[in-house]
Amino acid sequence: MTSYHNHTVFSDGKATAEEMVRAAAEAGLAEVGISDHVVLHPEGKTFKWAMPPERLDEYVATARAAAERFNIPVRVGVEADFFPETAEATRRLLAARPFDFLIGSVHFAAGFLVDAGRKQWAELNEAQREEKWTVYWHRIRDLARSGIFDFVAHLDVPKRFGFKQKEELPQAALDALDEIARSGMAVEINTAGWTHKVQEAYPSPALLREACRRKIPTLINADAHAPQDIAQGFGPAKLLAREAGYSRVVRYEGRRRRDWPL
Ligand SMILES: [Zn+2]
Ligand SMILES: [Zn+2]
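The rules we used
- Residues numbered from 1 in each chain as written.
- Chains lettered and ligands numbered in written order.
- Predicted model: local features only at pLDDT ≥ 70, side-chain atom pairs only at ≥ 80, totals over all residues.
- Heavy atoms only, no water.
- Core = buried A, V, L, I, M, F, W, Y, C linked by side-chain atoms within 4.5 Å.
- Buried < 20%, exposed > 50% of the residue type's maximum accessible area, 1.4 Å probe, protein only.
- Contact = heavy atoms within 4.5 Å.
- Helix = DSSP H or I, 4+ residues; strand = E, 2+ residues; numbered from the N terminus.
- Polar contact = N/O pair within 3.5 Å; in protein donor to acceptor, adjacent residues only side chain to side chain.
- Donors = N, O, S within 2.8 Å, 3.2 Å for Na, K, Ca; no water.
- Tetrahedral: all angles 85-135°; square planar, octahedral: opposite > 155°, others 65-115°.
- Axes fitted to C-alpha atoms, helices over the stretch in contact; angles between N-to-C directions.
- Parallel < 35°, antiparallel > 145°, perpendicular 65-115°, else oblique.
- Left-handed = near helix turned anticlockwise from the far one by under 90°.
- Nonpolar A, V, L, I, M, F, W, Y, C, P; charged D, E, K, R; others polar.
- Arc of directions from axis to C-beta.
- Pairing = 2+ DSSP bridges.
- Right-handed = clockwise from strand over helix to strand, strands pointing away.

**Student:** Sorry if this is basic, but what is going on with the nonpolar core here?
**Tutor:** What tends to happen in soluble globular proteins is that the nonpolar side chains get buried as a cluster. If you look at the biggest cluster of nonpolar residues, it comprises 77 residues, and the most contacted ones within it are Y59, L94, W137 and I180. Sequence-distant contacts of L94, that is, excluding residues within four places in its chain, are made with V38, L56, V78, A80, F99, L102 and F149.

What follows is the structure in structure tokens.
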């Protein structure tokens, strides 16, 4: 198994790249990835949980150096937020560097940070929540169309605090999946959801089945922010993938994708 979606002290992780790589080697993983947050916000806002774009070269060098001490291949990527307004700048920023994979994320439904806290979801009425969800799905659709990224992070993350949509398979979500399928991107199974209030991996079993039906590739990630979480939930995630119809996962090197048996 591999674990590509992991954070370090360059963004909101608690450990260094070296500590994360050591944990992956000790867990017996086949490959490990580092993928810290980078955000080009349309209004130029900066966030404590993301590294400044100026640190990208230092970040890549640090992650590559971590590979030298351990007997495990290290893949270097980023988790970058998608905004229509800064898509071209994000593409240029990332394409200029030697990444193995790029994770596309939507944490902002317009001005609303979807995974910031339970309170801001609780303050909305049901119609307002549905509206946030729809904005989110439109953003995912646009992220797919942009062609910038290799896979989508935590596909239905707005459910994090337990505020799911009324419908299991809303049309906007299916439209986003259609666009992901056309883009050739993969969708990760993100096990962090099992540790969040919603207690369900991202995406939901129903969405994952729809992804599989559309032949969208998948891979299993922990979204770890600490070494002990590097492979959390991987056993159940494997079962979830199989139940959705998957028998293969993907790996990345130098932005090239390889198929691997699950
Ligand atoms: Zn994220
Ligand atoms: Zn993440």
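**Student:** What is the right way to read the side chain of E210 from this model?
**Tutor:** Here E210 is to be found in helix 7 (residues 205–213). A polar atom in the side chain of E210 sits 3.1 Å from the side chain of R213. Discounting residues that sit within four places of it in the chain, E210 has contacts with L169, L174 and L177.

**Student:** What am I meant to see in the coordination of the zinc ion (ligand 2) here?
**Tutor:** Geometry reference: four tetrahedral donors at a metal, ideal angle 109.5 degrees. Six octahedral donors, ideal angles 90 or 180 degrees. Surrounding the zinc ion (ligand 2) are the protein donor atoms H5 (NE2), H7 (NE2), E79 (OE) and D223 (OD), at 2.1 to 2.3 Å. Because the angles between the four donor atoms bound to the zinc ion (ligand 2) fall within 82 to 165°, the donor set is best described as irregular. Within one chain, the residues serving as donors to the zinc ion (ligand 2) are arranged as H-x1-H-x71-E-x143-D. Metal-to-metal, the separation of the zinc ion (ligand 2) and the zinc ion (ligand 1) is 3.5 Å; E79 coordinates the two. One end of the pair, H7, is in the loop between strand 1 (2–3) and helix 1 (17–26); the other, D223, is in the loop between strand 9 (218–221) and helix 8 (234–244), with 216 residues separating them in the sequence. Of the residues examined, D223 reaches a relative accessible area of 12% and is grouped as buried.

**Student:** Hey, could you run me through the packing of helix 7 against helix 8 in this one?
**Tutor:** The geometry of a pair of packed helices is captured by two quantities: the angle between their axes and the separation between those axes. It is at 8 Å that the axes of helix 7 and helix 8 come closest, and there the two elements cross at 55°. Taken together, the axes of helix 7 and helix 8 are oblique relative to one another. Pair helix 7 / helix 8 crosses with right-handed handedness. Contact with helix 7, carried on its side by P205, L208, R209 and C212, involves L240, A241, E243 and A244 of helix 8 and no other residues of that element. Considered class by class, the residues forming the contact of helix 7 with helix 8 number six nonpolar, no polar and two charged.

**Student:** How do you make sense of helix 8 when you look at a structure like this?
**Tutor:** Listed in full, the buried residues belonging to helix 8 are F234, A237, L240, A241 and A244. Projected onto a plane normal to the axis of helix 8, the buried residues spread over an arc of 110° and lie on a single side. Facing away from the buried side of helix 8 by over 90 degrees, the exposed positions are L239 and E243. Buried residues in helix 8 make contact with strand 1, strand 8 (186–190), helix 7 and strand 9. Following helix 8 by one or two positions, G245 adopts a phi angle in the positive range, close to 110°.

**Student:** What should I look at first to understand the coordination of the zinc ion (ligand 1) in this one?
**Tutor:** Surrounding the zinc ion (ligand 1) are the protein donor atoms E79 (OE), H107 (NE2) and H154 (NE2), which sit 2.1 to 2.3 Å from the metal. Between consecutive donors of the zinc ion (ligand 1), the numbers of intervening residues give the motif E-x27-H-x46-H. Residue classification places E79 among the buried positions, given a relative accessible area of 1%. H154 gets classed as buried once you look at its relative accessible area, which sits at 3%.

**Student:** Teacher, can you tell me more about the pairing of strand 9 here?
**Tutor:** Successive side chains on a regular strand alternate, one facing one side of the sheet and the next facing the other. Side-chain alternation along strand 9 places T218 and I220 on one buried face and L219 and N221 on a second face that is also buried. Direction of pairing for strand 8 relative to strand 9: parallel, over a ladder of four bridges. Bridging from a neighbouring strand, N190 pairs with N221 of strand 9. In the classification by handedness, the crossover that spans strand 8, the intervening helix 7 and the parallel strand 9 is right-handed.

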